[in-house]
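Inside the fold
Spelled out, the chains give:
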Amino acid sequence: MKLLDKYIITKFLTAFFFTVVMLVSVICVIDYTEKNDDFIHHNLSIGYVFTHYYVYLFPYFANLLSPITIFLAVVFVTAKLAARTEIVAILASGVSFRRLLVPYLMGATIIGAFTFYLVGWVIPKGTKKIVAFESVVVKEPFRFEGRNVHMKISPKSYVYLESYSSGNNTGFHFALETFDGTVLRRRMTADNLAWDSTKHAWHMSPQLVRTFVGTKDETLKSLPARDTTMNLYPKDFANTYRLAETLTSPELDALIDNKILRGADDTDQYTSVKYERFAYPFDILILTFIGVVLSARKSRAGVGGQIALGFVLAFIFIIFVMLSRNLAQVGSMPPLLAAWFPGLVFTAIGLGLYRVVPK
């Protein structure tokens, strides 16, 4: 690595971490001000709130705002180099603009790899703490309020519950139906079933089992109350608030596989989050590339004007991310395309700018 590479990478990474600390600190102070009444209501000290909430919220915000912080760091460093005519001197010495991009992309690769590890295995663990804290302090206690719940638990089996009480993990007016293709072969009903946490099984009230043979014949059998297991758990009725964000990548894969098995209609929103985690490092590289291209020359607006432009483009990128995510959740766009769509759009923008912006 040449001295110039070390110089630019050091400035880039220093500016990035400084921007992260400053921006996220301001956001956390604003967040504390908004939630202070809730903290006072629960008699929570500043120290307790910091160690049980903001110590996890800080890295969450840092990751969430990484498109802005990356872009701002690149624009700030490059614009200052350009303002001091250092880039002119570098290019005049025979270094090509493509070669000038190398240390920036190396720094972006370091940040991207680190971010990929954090968002896949570290930050979700902290987000679990955030959600648990908010569920007690900020939000109302969760109650499952679904009615007439239908759920697929295996390729041929479907569960029905008229209602479910999350307080004592009890379901009412239960039915388990088994199909052969589109033909109903077996139907078991029970007045209620309750989860036994010591046995990790459901305790069913007496059941009535109908078995259908052919198109007309059927048998009817009564079974006493008993314990049983099935691919149905109390967590299936638990609060799904920010669930995908609380799962590590292996846990998210397991959840997606289970939802595919069940034929759940909300699978796409979790699949989209999975693909977003893989697209994030690529997005960081693209935003770094665009930031260098836009700010590598002097501007009449000065460094402040270029930073303002960086803010605008970073927020536009976030809007694209939110839009594509919502389209994936409602089924209007495939999850894989939704995750990569913002990056592809900004790749086209970056290549266009590379061709037309004087360097």
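Provided above is the structure to which this section pertains.
This structure is a prediction, so every number in the text was calculated from the model and none was measured.

Taken as a whole and judged by the stated rule, the model has 25 aromatic pairs. Relative to Y53, the ring of F39 has its centre 6.4 Å away and its plane inclined at 65°; by these criteria the two rings are edge-to-face. Of this pair, F39 sits in helix 1 (residues 3–41) while Y53 sits in helix 2 (residues 46–64), placing them 14 residues apart in sequence. For F39, a relative accessible area of 1% puts it in the buried group. Y53 gets classed as buried once you look at its relative accessible area, which sits at 0%. Arranged with centres 6.0 Å apart and planes meeting at 85°, the rings of F320 and F346 form a pair that is edge-to-face. Of the two residues, F320 is situated in helix 8 (residues 302–329) and F346 in helix 9 (residues 335–356); the sequence distance between them amounts to 26 residues. Overall, F346 belongs to the buried group, its relative accessible area being 2%. Members of the aromatic cluster, each reached through a chain of ring pairs, are Y32, F39, Y53, Y54 and F133.

Turning to the pairing of strand 5 (residues 201–204), a few remarks are in order. Note: strand 4 (residues 183–196) against strand 5, four bridges, orientation antiparallel. Residue pairing in the sheet places A194 in a bridge with H203 of strand 5. Linking strand 4 back to strand 5 in an antiparallel pair, the connection comprises four residues, with H200 at a positive phi of about 55°. Relative to strand 8 (residues 226–228), strand 5 runs antiparallel, the two sharing three bridges. Of the residues in strand 8, the one forming a bridge with W202 is T228.

Turning our attention to the pairing of strand 3 (residues 170–180). Here strand 2 (residues 157–165) pairs with strand 3 via eight bridges, running antiparallel. When the bridges of strand 3 are listed, Y164 appears paired with G171. Hairpin geometry of strand 2 and strand 3 is characterised by an intervening segment of four residues between the two adjacent antiparallel strands and by a positive phi of about 50° at N169. Two strands pair when backbone bridges link them, and strand 3 and strand 4 are joined in this way by ten bridges, in the antiparallel orientation. Of the residues in strand 4, the one forming a bridge with L176 is M188. Taken together, strand 3 and the strand that follows it, strand 4, pair antiparallel across an intervening segment of two residues, in which G181 is found at a positive phi of about 70°.

Looking now at the side chain of R242. Looking at the secondary structure, you find R242 in the loop between strand 8 and helix 6 (249–262). Using a relative accessible area of 17% as the deciding quantity, one classes R242 as buried. In terms of polar contacts, R242 uses its side chain to reach the side chain of E134, at 3.4 Å. In contact with R242, other than residues within four places in its own chain, are Y60, T127, I130, V131 and E134.

Take the nonpolar core next. One finds Y53, F71 and I290 to be the most contacted residues of the largest nonpolar core, which totals 57 residues. Contacts of F71, omitting those with residues within four sequence positions, involve L287, I290, G291, L294, G310, L313 and A314. With 18 residues, the next largest nonpolar core counts I153, V159, W195 and M204 among its residues.

Conventions and cut-offs
- Residues numbered from 1 in each chain as written.
- Predicted model: local features only at pLDDT ≥ 70, side-chain atom pairs only at ≥ 80, totals over all residues.
- Heavy atoms only, no water.
- Phe/Tyr/Trp six-rings, centres within 6.5 Å; stacked < 30°, edge-to-face > 60°.
- Helix = DSSP H or I, 4+ residues; strand = E, 2+ residues; numbered from the N terminus.
- Buried < 20%, exposed > 50% of the residue type's maximum accessible area, 1.4 Å probe, protein only.
- Pairing = 2+ DSSP bridges.
- Polar contact = N/O pair within 3.5 Å; in protein donor to acceptor, adjacent residues only side chain to side chain.
- Contact = heavy atoms within 4.5 Å.
- Core = buried A, V, L, I, M, F, W, Y, C linked by side-chain atoms within 4.5 Å.

This is a description of form; function is not addressed.
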